[in-house]
Amino acid sequence: MKITPEILREMKQRGEKIAALTAYDYFTAKIMDEVGIELILVGDSLGMAVLGYENTLPVTMEEMLHHTRAVARAQTQALVVADMPFQSYMTAESALENANKFLAAGAAAVKLEGGVAVADRVAALTRTIPVLGHIGLLPQSILEGGSYRVQGRTTESAEQLLRDAKALEWAGAFAVVVECTTAAVAREITGALKIPTLGIGAGSDCDGQILVSSDMLGQFTRFTPKHAKRYANLAEEMRRAFLAYRGEVETKKFPDREHSF
Ligand code: KIV
């Protein structure tokens, strides 16, 4: 069954939790789909997870489109959402033009960062394109005085987050990512909205959870955010395999008869 924004809303109403992950390539998306992950985000975390950038700011439309096509080729049941990169939605016109490129690349929806400040663009998009909102810690705002710290610790910040969430719902977003907020604020937002919340570092009371796959797989090891539980240690497994291969080539153990013609 193809997952749609409507199905995610119904899951919220039934109290069923939504499991979402990021993916950047065909093979990973295929496996996620096979195990029933409901939403796959081609996140601009691509920049750090795959492309070796310091942060998400240098990620381009071309790079995002390339990886969105790869994920979409997995023809998943999951809802594939493409993350709109930094400065790709400065105006309603550029937001529409770029979001349409993501739909042409095979995404079923787009995500953009911000609440009240981007509600006009979200409203312009949602006339034709499903939009996933994103509030709390906003990695694309790091140059404008944003911070990688937990959001919602003061009354003022908690109230702003609630306003942001409501503005996105008003603008027609089908769900909203809540990143790195106190659990109490995420709970209040989740209770106040009809659309689902997907938490990342936002406690257990959101309607679903989302993690960056390279964090939870232990592939990205430059730093591990507190919320990123490790379900595997792929970097270690890869190092072990590469070392074993190198050793066997050097000692002429590989290739052996079994792997020769
Ligand atoms: O780019 C990304 O991976 C994201 C997640 C943190 C939700 O936006």
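Structure: see above.
The following refers to the structure shown. Note that this is a predicted model, so its numbers are computed, not measured.

Some thoughts on the sheet that holds strand β2 (residues 39-42)
Moving on, step 1. With parallel pairing, the 8 strands of this closed barrel are ordered in space as β1-β2-β3-β4-β5-β6-β7-β8. For this sheet, the mean angle separating the axes of adjacent strands, direction not counted, is 25°.
Moving on, step 2. Here strand β5 (residues 131-136) pairs with strand β6 (residues 175-179) via 5 bridges, running parallel. Among the inter-strand pairings, Gly133 is bridged to a residue of β6, identified as Val176.

Let's talk about the pairing of β2
Moving on, step 1. Of the two faces of β2, the one lined by Leu39 and Leu41 and the one lined by Ile40 and Val42 are each fully buried.
Moving on, step 2. With 3 bridges joining them, strand β1 (residues 18-22) and β2 adopt parallel strand pairing. Its bridge partner being in β2, Thr22 is matched across the sheet by Leu41.
Moving on, step 3. Inspection of the sheet shows β2 paired to strand β3 (residues 79-83) by 4 bridges, in the parallel sense. Note that in β3 the partner of Ile40 across the bridge is Val80.

Some points on helix α4 (residues 61-72)
Moving on, step 1. Helix length check: α4, at 12 residues, gives a terminal C-alpha distance of 16 Å against a target of 16 Å (1.5 Å per residue), a fit within 8%.
Moving on, step 2. Among the residues making up α4, those that are buried are Met61, Met64, Leu65, His67, Thr68, Ala70, Val71 and Ala72.
Moving on, step 3. At its buried positions, α4 is contacted by α2 (26-34), β2, α3 (46-49), β3 and α5 (92-104).

What about the site of the ligand?
Moving on, step 1. In the vicinity of the ligand, the contacting residues are Thr22, Leu41, Gly43, Asp44, Ser45, Asp83, Lys111, His134, Glu179, Ile200 and Val212.
Moving on, step 2. At 2.5 Å from an oxygen atom of the ligand is found a side-chain nitrogen or oxygen belonging to Ser45.
Moving on, step 3. A distance of 3.1 Å separates an oxygen atom of the ligand from a polar atom in the side chain of Asp83.
Moving on, step 4. Relative to its unbound accessible surface of 260 Å², the ligand loses 95% to contact with the protein.
Moving on, step 5. Of the residues that constitute the shell around the ligand, the class distribution is 3 nonpolar, 4 polar and 4 charged.

Structural notes on a nonpolar patch on the surface
Moving on, step 1. Together, Tyr245, Val249 and Phe254 give the surface a local cluster of nonpolar side chains, amounting to about 280 Å² of exposed area.
Moving on, step 2. With respect to the helices and strands, Val249 occurs in helix α10 (residues 234-250).

Rules of the game
Residues numbered from 1 in each chain as written. Predicted model: local features only at pLDDT ≥ 70, side-chain atom pairs only at ≥ 80, totals over all residues. Heavy atoms only, no water. Pairing = 2+ DSSP bridges. Helix = DSSP H or I, 4+ residues; strand = E, 2+ residues; numbered from the N terminus. Axes fitted to C-alpha atoms, helices over the stretch in contact; angles between N-to-C directions. Buried < 20%, exposed > 50% of the residue type's maximum accessible area, 1.4 Å probe, protein only. Expected span 1.5 Å × (residues − 1). Contact = heavy atoms within 4.5 Å. Near = heavy atom within 4 Å. Polar contact = N/O pair within 3.5 Å; in protein donor to acceptor, adjacent residues only side chain to side chain. Areas by Shrake-Rupley, 256 points an atom, 1.4 Å probe, with all protein chains shown as cover. Nonpolar A, V, L, I, M, F, W, Y, C, P; charged D, E, K, R; others polar. Patch = residues over 30% accessible without salt bridge, like charges linked within 9 Å, V, L, I, M, F, W, Y side chains within 5 Å. Salt bridge = Lys/Arg side-chain N within 4 Å of Asp/Glu carboxyl O.

Just geometry here; none of it tells us what the structure is for.
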